[in-house]
Amino acid sequence: MTVAPDRSQPLLTVASLKKTFPVKLGMFKRGLISAVDGVSFDVYQGETLGIVGESGCGKSTTARLILRLIERDSGDVLFDNIEVRDLKRQTMYRGIQMVFQDPYSSVNPRMSIGENIAFPMKVHGYAADHIRERTATLLRQVGLHPNHASYFPHQMSGGQLQRVNIARALALEPKLIICDEPVSALDKSIQAQVLNLLKDLQEQLNLTYIFISHDLNVVEYMSNRVLVMYLGQVVEACSSEELYRQALHAYCRVLLAAIPKADPDERMFSQPVSGEIPSPLNPPSGCRFRTRCAHAMDVCATARPELLQPSPGHAVACYLYERSAISNQPSAISSQRSAISGTIRGSADG
């Protein structure tokens, strides 16, 4: 039985998170890449928050900023209502763990599987007897045999190694696990097994996930709520069902239209998109998607649209849904929204 998320208080709060990276553009010239720009969200106990977007949109950087694998420029990250910068790293890692994308590079090839899983427990001072028992228990929990503790990484398949990484993430009994594209390097059949394992563990242990992926089908299957990012910014946030039923932002509709369909006669509503992704060295002013958006208006270039809620629980950063913009350009926005509605209705009729 699935445990309903506890929404009385966020387990994790991220507010106005920003990160830039300096780069050399020549012998005497330097620039800044805007990787994460003003990202804010809450994660509640027992839920799965999906973060989706194209490569380079800032998904993985956001995860690393939360875990302090890289330090943020500004913004706040609160775990259990405590700023993570005020926590000792050992204390933070007891509460938050991460499963990385590549199962092979995530383990030490010179250590046995048991030693890889036991390593965080040794760092935190667990007794040797407890470590041995806990390692065997964790291997069983992720669908492996305790005898696998004596194996080495080169003797395991990719799917088995990802189970090992999940076991290691569970070793310190964290409340929150960040899954950074945990199945993208696996075959489809193995992907399904690992995803089902993650769901089973969530029910058994009341875990909370941040699930990062570029695969919209996987995000739909795993997530309660979804955050869509584009060029370091959040453009839409809502429940998984609402996003796939009626996405509001033009970028989200483009993503959904790109999902492959098994039935060649089934067509999604067509959302034209032109041009290349702008460079994060010099992102467009205002809405960063405006240079590729078929519904862009003059107001889109003036200032960044705020993340507002046209309907309860559904937030979108788009001037088509902002009242102040509507009052300034009522006729243009009304015609744009009518065009969008007609496109969506046409797809349903087709």
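The structure this text deals with has already been given above.
Residues numbered from 1 in each chain as written. Predicted model: local features only at pLDDT ≥ 70, side-chain atom pairs only at ≥ 80, totals over all residues. Heavy atoms only, no water.

S.K.: Go over the overall build of the chain, please, and point to the residues and values.
M.R.: Of the regular secondary structure elements, the chain holds 11 helices and 12 strands. Looking at the chain as a whole, 49% of its 350 residues qualify as buried. Within the chain, contacts between residues separated by at least 24 positions form 64% of all contacts whose residues are at least 6 apart in sequence. Surface accessibility of the chain: about 17,000 Å² in total, with carbon and sulfur atoms responsible for 50%. (Helix = DSSP H or I, 4+ residues; strand = E, 2+ residues; numbered from the N terminus. Buried < 20%, exposed > 50% of the residue type's maximum accessible area, 1.4 Å probe, protein only. Contact = heavy atoms within 4.5 Å. Areas by Shrake-Rupley, 256 points an atom, 1.4 Å probe, with all protein chains shown as cover.)

S.K.: Give me the sheet that holds strand β1 (residues 6–24): which residues, what numbers.
M.R.: With antiparallel pairing, 4 strands are arranged side by side in an open sheet as β2-β1-β4-β5. Both edges of this open sheet fall to β2 (30–45) and β5 (82–83), since each of them pairs with a single strand only. Of the strand pairs in this sheet, strand β4 (residues 74–79) and β5 are connected by 2 bridges, and their pairing is antiparallel. Looking across to β5, one finds that Phe79 is bridged to Ile82. Against the sheet, helix α1 (residues 59–66) touches β1, β2 and β4, its axis set at about 110° to β1. (Pairing = 2+ DSSP bridges. Axes fitted to C-alpha atoms, helices over the stretch in contact; angles between N-to-C directions.)

S.K.: Quick rundown of the sheet that holds strand β11 (residues 308–311)? Include the residues and the values.
M.R.: Ordered in space as β6-β7-β8-β3-β9-β10-β12-β11, the 8 strands form an open sheet in which the pairing is mixed. Looking along the sheet, the strands with just one partner apiece sit at the ends: β6 (96–99) and β11. Averaged over all pairs of adjacent strands, the angle between their axes in this sheet comes to 20°, without regard to strand direction. Note: β11 against strand β12 (residues 314–316), 2 bridges, orientation antiparallel. Following the sheet pairing, Ser311 is matched in β12 by His314. Strands in contact with helix α5 (residues 158–170) are β6 and β7 (176–180); relative to β6, the strand with the most contacts, it is inclined by about 175°.

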